[in-house]
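# Structural features, examined
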Amino acid sequence: MTTDLSNLVLTDDVEQQNQAFIDAFNSGDGAIFDTLYRDDAISNLSGSPLTGAERRQGIIDLLKTGPKLDSKVVQNYVAGDVSLVIVEFRLDVADGQGGRQIITGTCTDVMRRTGDNRWIMAIDRPLADELPTK
């Protein structure tokens with residue numbers, strides 16, 4: 001399954017949602033990836049909770065470094081227009097010294113259903129199993 005990055009839509013299918021996030025993240029285009037978030041969404045991708053313009057810039061800066069994401073959904077709970085999605089992730093990132101490092105962990109995401117019946121990220125909170133050493 002490949003996602004149309006020019007028309008990102010998160011459906012009720014949590015596996016489709018996950019694939020759209022992987023494809024948008026791995027595109028390296030932070031502006032595209034940020035369209036999956038509400039304007040007031042909180043993301044901890046940078047290591048601290050960011051929202052608004054700071055979140056958008058943090059995502060753009062991170063994705064410019066060429067990280068690659070893989071993830072799988074381990075749990076999903078839906079209550080009306082709110083969805084809790086828990087994924088296990090594997091992230092291949094630059095180590096700052098010309099090499100690569102792998103970070104694994106669990107991400108807890110809170111999604112909200114919009115008025116046009118699409119889902120969008122409200123809270124994105126990845127937690128690494130172990131933080132890389134410098």
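Residues numbered from 1 in each chain as written. Predicted model: local features only at pLDDT ≥ 70, side-chain atom pairs only at ≥ 80, totals over all residues. Heavy atoms only, no water.

Before going further, it helps to spend a moment on the packing of aromatic side chains. Within this structure, the stated rule accounts for four aromatic pairs. Look at Phe25 and Phe33: their rings are 5.4 Å apart centre to centre, the planes differ by 85°, and that puts the pair in the edge-to-face class. Its relative accessible area of 3% is what places Phe25 among the buried residues. Each residue in the set Phe21, Phe25, Phe33 and Tyr37 is aromatic and connected to the rest through ring pairs, giving one cluster. (Phe/Tyr/Trp six-rings, centres within 6.5 Å; stacked < 30°, edge-to-face > 60°. Buried < 20%, exposed > 50% of the residue type's maximum accessible area, 1.4 Å probe, protein only.)

Counting 26 residues, the largest nonpolar core has Leu10, Phe21, Phe33, Leu36, Tyr37, Leu91 and Met111 as the members making the most contacts within it. Those elements giving two or more residues to this core turn out to be helix H1 (14–26), strand E1 (37–43), helix H3 (52–64), strand E3 (68–79), strand E4 (82–94), strand E5 (100–113) and strand E6 (119–128). Among the elements that make up this core, the one with the highest residue count is H1 (six residues). Leaving out residues up to four positions away in the same chain, Phe33 has contacts with Phe21, Ala24, Phe25, Leu45, Ile59 and Leu63. (Core = buried A, V, L, I, M, F, W, Y, C linked by side-chain atoms within 4.5 Å. Helix = DSSP H or I, 4+ residues; strand = E, 2+ residues; numbered from the N terminus. Contact = heavy atoms within 4.5 Å.)

Once that is clear, we can look at the side chain of Gln17. Tracing the backbone through its elements, the reader meets Gln17 in helix H1. Of the residues examined, Gln17 reaches a relative accessible area of 4% and is grouped as buried. With residues near it in sequence (within four places) discarded, Gln17 still touches Leu10, Thr11, Asp12, Val85, Met111 and Trp119.

Time to look at the side chain of Asn18. For Asn18, the location among the structural elements is in helix H1. Not counting the four nearest positions on each side in its chain, Asn18 is found in contact with Ser71, Lys72, Val73 and Val87.

Our next topic: the environment of Ile42. Mapped onto the elements of the fold, Ile42 is located in strand E1. For the pair Ile42 and Ile123, spaced 81 residues apart in the sequence, the C-alpha separation amounts to 4.9 Å. Apart from the residues lying within four places of it in its own chain, the contact partners of Ile42 are Pro49, Leu50, Thr51, Ala122, Ile123 and Asp124.

Keep in mind these values describe shape, not function.
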